[in-house]
Amino acid sequence: MKIETKTARFTNPLYLESGRILEPYEIIYETYGQLNEDKSNVIVICHALSGSHHAAGRYADEAKAGWWDKFIGDGKAIDTTKYFVICTNNIGSCFGSTNPMSPNYPSSEPYRFKFPVLTISDIVKAQRILFDSLGIHHVRAVIGGSMGGMQALCYSIEHPRFADIVIPMATTAYTRPWAIAINKIAMEAIRHDPAFKNGHYKKNDLIANGLPGLAIGRMAGLIAYLSPNLFNKKFGRNYSHTDGLYELFGRFEVERYLEYNSYSFPKFFDPLSYLYICKTMNIFDVARNKDKLEDSFSKIKCKLHLISFSDDMLFFPEEMEEIYEIMCKIGKEEQVTYKMIESESGHDSFLVEVEKFEDYVRDILEDKI
């Protein structure tokens, strides 16, 4: 599989939904496969909160492949011998696109809290500008899970003729109080951590010492991303064999898991980006400027294929069912399908249980569904 990573810089202002302007800005993106002559084989991949443009494949010095490597590649569901796949790093994220720690032009100082609050619409608008610069004005499909699914829905509503097919997974039409509450834990833990220094930390300090507030917030996220059944199956009541049962801070295996996967997180993910991305997700609502959801979904022209996961504890299956029901209610039942995957890995099932839906997606892309 051919992989290329590039960065595009834009000097024209990006007018944001908030009324603010981002200028200039950069987007780093990765492509897989080969673009055909008439540019009709493009698939756009949208990433989730902590994802990046590196969705698949592995560079020579990498220990770990891209986050959706099970799904994207030669002969896989998103077959890079057929399709030209593009994944951008969202603006606001910390993996190469313009974000709160980028220089606030013309100063060399980072934006920090001067960075604008972004919406999903802003992120998608920036992506469309990138694709237009590449001469790509229409694509075969847009696919994404979680926050990536929010972007996919945004494409279907606000850019209704851009894609033939849109496949949102494990997402919602508007962020409910439960998910906002989970994000609130992370945001408060970060803000009140002395090491955060009210946003004036140094990157190298975090790499060396971490940020307990972000780690604790990540723990809250991990609990919501997985499911009670998975925790029971994976850990049970097993106790760390190195810790004494009657030691106050002795740990169950589930506690060790949370520590291991959370305290390393601040060493590679920026806390300001985390705050801004949580805010972006919290304010997501496809009907924010409308009286009803029906008004937004009535704009859809593409085929919309909704995929939920049975034990998703962040964006529950009924949230996807609601979208399907509204589409049918407004007479678009021939443009929409809905499938719930019987899953065992919670919200993260769209990342780790690919084998349960890969054939289904392959059939969608081949117009068999």
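What you see is a predicted model, and the numbers here were worked out from it, not measured in a lab.

Overview of the pairing of strand 5 (residues 42–46)
Looking along a regular strand, one sees the side chains alternate between the two faces of the sheet.
Part 1: Burial within strand 5 is extensive, with five of its five residues counted as buried.
Part 2: Here strand 5 shows two buried faces, one formed by Val-42, Val-44 and Cys-46 and the other by Ile-43 and Ile-45.
Part 3: In the sheet, strand 5 pairs with strand 8 (residues 84–88) via four bridges, with the strands oriented parallel. Residue pairing in the sheet places Ile-45 in a bridge with Cys-87 of strand 8.
Part 4: As paired elements, strand 5 and strand 9 (residues 139–145) share four bridges and run parallel to each other. Opposite Val-44, over in strand 9, you have Val-142 as the bridge partner.

Focus: the sheet that holds strand 4 (residues 25–32)
Part 1: Spatial strand order, 1-4-8-5-9-10-11-12: eight strands in an open sheet with mixed pairing. Each of the sheet's edge strands pairs with one partner strand only, and the pair in question is strand 1 (3–10) and strand 12 (336–341). Sheet twist, expressed as the mean angle between neighbouring strand axes with direction ignored, is 20 degrees.
Part 2: Sitting on the sheet, helix 12 (residues 358–365) is in contact with strand 5, strand 9, strand 10 (163–169), strand 11 (303–309) and strand 12, with an inclination near 165 degrees to strand 10.

How each quantity is defined
Residues numbered from 1 in each chain as written. Predicted model: local features only at pLDDT ≥ 70, side-chain atom pairs only at ≥ 80, totals over all residues. Heavy atoms only, no water. Buried < 20%, exposed > 50% of the residue type's maximum accessible area, 1.4 Å probe, protein only. Helix = DSSP H or I, 4+ residues; strand = E, 2+ residues; numbered from the N terminus. Pairing = 2+ DSSP bridges. Axes fitted to C-alpha atoms, helices over the stretch in contact; angles between N-to-C directions. Contact = heavy atoms within 4.5 Å.

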